Amino acid sequence: REYNVAILGATGAVGNRMIAQLAQSSIPVKTIKLLASKRSAGQTLAFRDQSVVIEEATPSSFDGIDLVFASAGGSVSKQLLPEAVKRGAVCVDNSSAFRMDPTVPLVVPEVNPNDLANHQGIIANPNCSTIQMVVALNPIYRQYGLKRVIVSTYQAAGGAGQSALDELNIQSQAILDGQTPEAHILPVKSAAKHYPLAFNLIPQIDVFDEQDYTYEEWKMTHETKKILLGDPETKALAVSATCVRVPVPIGHGESVYFETKDTNVTPAELKALLASAPGVVLQDDPAQQIYPMPMNAVGQQETYVGRIRADLDQPGGFHAWVVADNLLKGAAWNAIQIGECLVEQDLVHATIN
Ligand code: A2P
Ligand code: 11C
């Protein structure tokens, strides 16, 4: 079987990469439709050797479409994906709009591919910082059990979209030219205040909740629990996060502290486990200064793990450093990989509600 595929948000930082990842994937594509806002309609983008005219996304854009990959923001997904499902399409959505819906599987193919079987037309792609962390933690969780995770993130500008990437470049040049940089995008476009990211760190990603966590931090807690344990509210695993934007274009880094239930496990055993874990590349040789870095992860589909060491005081406590291309494994590649799983499991079909 071949599929009529649409990419919603095709002109964005993630959408662009969805086109490239789809082109290399095992998904048999019969036709491709590239959708964006009215602003981009009429422009062209390449899919393989084909030049495709971008169309404005409307409900009728999804007539005859089998499979949709969406990355045009939560409000566009909320408005258009139910329309696509009504027309018989299966949608993989990169926004946070549906992730906590109990009827929507939240999937990282290395971790919980079996959750796809119960989809009702929409599958959610997790947040980028959650994805790379669970790829690294899942083998440890399955083998040794996990009690607690405390993560501090070092998140690249590209996570906030093409406009944030562009602004980082402009600000960096302005500072090098001796000018005062302007800031309009970060930490949150709609917020009252904006701060330059160039030559700076911003400890705010997304808006704050009533407990003074940012929504990005909230997502890491609840998405990790839903993916690993099937319940976003479970107390069986403690997860807390501090998320920081750093002036790196692409590639999120994470300092992950975790406590295993089995307190006899050694760093050598964790390294051996991760060396053969799906989607993981172990880069851990302090003597040779081998460890993961964002610039080496750019353009790669894998999650890189290193700096594994035992906590000095807490039995069963460990530290690790986890890096991935947030726009690929954290977004476009994970979404296309979900598409490959849907095709392999013959799950690209309209649902009966
Ligand atoms: P456009 O380029 O036409 O604005 P990013 O995450 O890099 O900012 O990209 C956002 C993506 O979402 C872009 O492809 C953008 O298209 C698309 N988009 C924004 N608003 C809409 C909309 N109302 N309908 C369809 N696509 C949209
Ligand atoms: C960032 N993690 O780096 C965000 C981007 O929920 O999919 C992705 C937000 C999301 O800014």
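Preceding this paragraph is the structure being described.
It should be emphasised that the depicted structure is a prediction, and the values quoted were computed from it without experimental measurement.

Reading the values: rules and limits
- Residues numbered from 1 in each chain as written.
- Chains lettered and ligands numbered in written order.
- Predicted model: local features only at pLDDT ≥ 70, side-chain atom pairs only at ≥ 80, totals over all residues.
- Heavy atoms only, no water.
- Pairing = 2+ DSSP bridges.
- Helix = DSSP H or I, 4+ residues; strand = E, 2+ residues; numbered from the N terminus.
- Phe/Tyr/Trp six-rings, centres within 6.5 Å; stacked < 30°, edge-to-face > 60°.
- Buried < 20%, exposed > 50% of the residue type's maximum accessible area, 1.4 Å probe, protein only.
- Axes fitted to C-alpha atoms, helices over the stretch in contact; angles between N-to-C directions.
- Contact = heavy atoms within 4.5 Å.
- Near = heavy atom within 4 Å.
- Polar contact = N/O pair within 3.5 Å; in protein donor to acceptor, adjacent residues only side chain to side chain.
- Nonpolar A, V, L, I, M, F, W, Y, C, P; charged D, E, K, R; others polar.
- Patch = residues over 30% accessible without salt bridge, like charges linked within 9 Å, V, L, I, M, F, W, Y side chains within 5 Å.
- Areas by Shrake-Rupley, 256 points an atom, 1.4 Å probe, with all protein chains shown as cover.
- Salt bridge = Lys/Arg side-chain N within 4 Å of Asp/Glu carboxyl O.
- Expected span 1.5 Å × (residues − 1).

(A) Fine view of the sheet that holds strand β5 (residues 55–56). Read from one edge to the other, the open sheet built from six strands follows the order β5-β2-β1-β6-β7-β8, with strand pairing classed as parallel. The open sheet has two edge strands, β5 and β8 (122–124), and neither has a second partner. Pairing of strand β7 (residues 90–93) with β8, which is carried by three bridges, proceeds in the parallel orientation. Bridging across to β8, Cys 91 finds its partner in Ile 122.

(B) The arrangement of the packing of aromatic side chains in detail. Inspection of the entire model under this criterion finds three aromatic pairs. Centroid distance Tyr 154 to Trp 321: 5.2 Å. Interplanar angle 85°. Geometry classified as edge-to-face. Of the two residues, Tyr 154 is situated in strand β9 (residues 146–155) and Trp 321 in strand β14 (residues 317–324); the sequence distance between them amounts to 167 residues. Note on Trp 321: relative accessible area 19%, which makes it buried. Taking the centre distance of 5.5 Å and the plane angle of 35° together, the rings of Tyr 215 and Trp 218 count as tilted. In this pair, Tyr 215 and Trp 218 are both assigned in helix α5 (residues 215–229), three residues apart and thus about one turn of the helix distant.

(C) The sheet that holds strand β11 (residues 252–260), seen in detail. Taken together, the six strands give an open sheet; going across it, the order is β10-β9-β11-β14-β13-β12, and neighbouring strands pair in mixed fashion. Looking at the sheet topology across the chains shown, the edges are occupied by β10 (238–245) and β12 (280–282). Adjacent strand axes in the sheet meet at a mean angle of 25° when their direction is disregarded. Bridging between β12 and strand β13 (residues 303–310) involves three bridges; their strand directions are parallel. Bridge assignment links Leu 282 to a residue of β13, and that residue is Val 305. Contacting β9, β10 and β11, α5 crosses the sheet at an angle of about 145° to β10. In the packing of helix α6 (residues 267–275) onto the sheet, the strands contacted are β11, β12, β13 and β14, and the crossing angle to β13 comes to about 170°.

(D) View of the environment of Ala 297. Mapped onto the elements of the fold, Ala 297 is located in helix α7 (residues 294–297). For the pair Ala 297 and Ser 26, spaced 271 residues apart in sequence, the C-alpha separation works out to 22 Å. Once residues within four sequence positions are removed from consideration, Ala 297 is found in contact with Tyr 304, Val 323, Ala 324 and Asp 325.

(E) Representation of the site of ligand 2 in the model. Around ligand 2, a shell composed of Asn 94, Arg 99, Asn 127, Cys 128, Gln 155, Gly 159, Ala 160, Ile 205, Glu 216, Lys 219, Arg 245 and His 252 is seen. Take Gly 159: an N or O atom from its main chain is 3.3 Å from an oxygen atom of ligand 2. Between His 252 and ligand 2, the recorded distance is 3.2 Å, taken from a side-chain N or O atom to an oxygen atom. Residue composition of the shell around ligand 2, by class: three nonpolar, five polar and four charged.

(F) Examining a nonpolar patch on the surface more closely. Together, Tyr 291, Met 293 and Met 295 line one region of the surface with nonpolar side chains, adding up to about 320 Å² of accessible area. You can see Met 295 is positioned in helix α7. Judged by relative accessible area, Met 295 falls into the exposed class, the value being 70%.

(G) Representation of helix α4 (residues 162–176). An ideal rise of 1.5 Å per residue puts 21 Å on 15 residues; α4 measures up with 22 Å between its terminal C-alpha atoms. Restricting attention to buried positions, one finds in α4 the residues Ala 164, Leu 165, Glu 167, Leu 168, Gln 171 and Ala 174. Looking at the residues trailing α4, positive phi occurs at Gly 178, about 80°.

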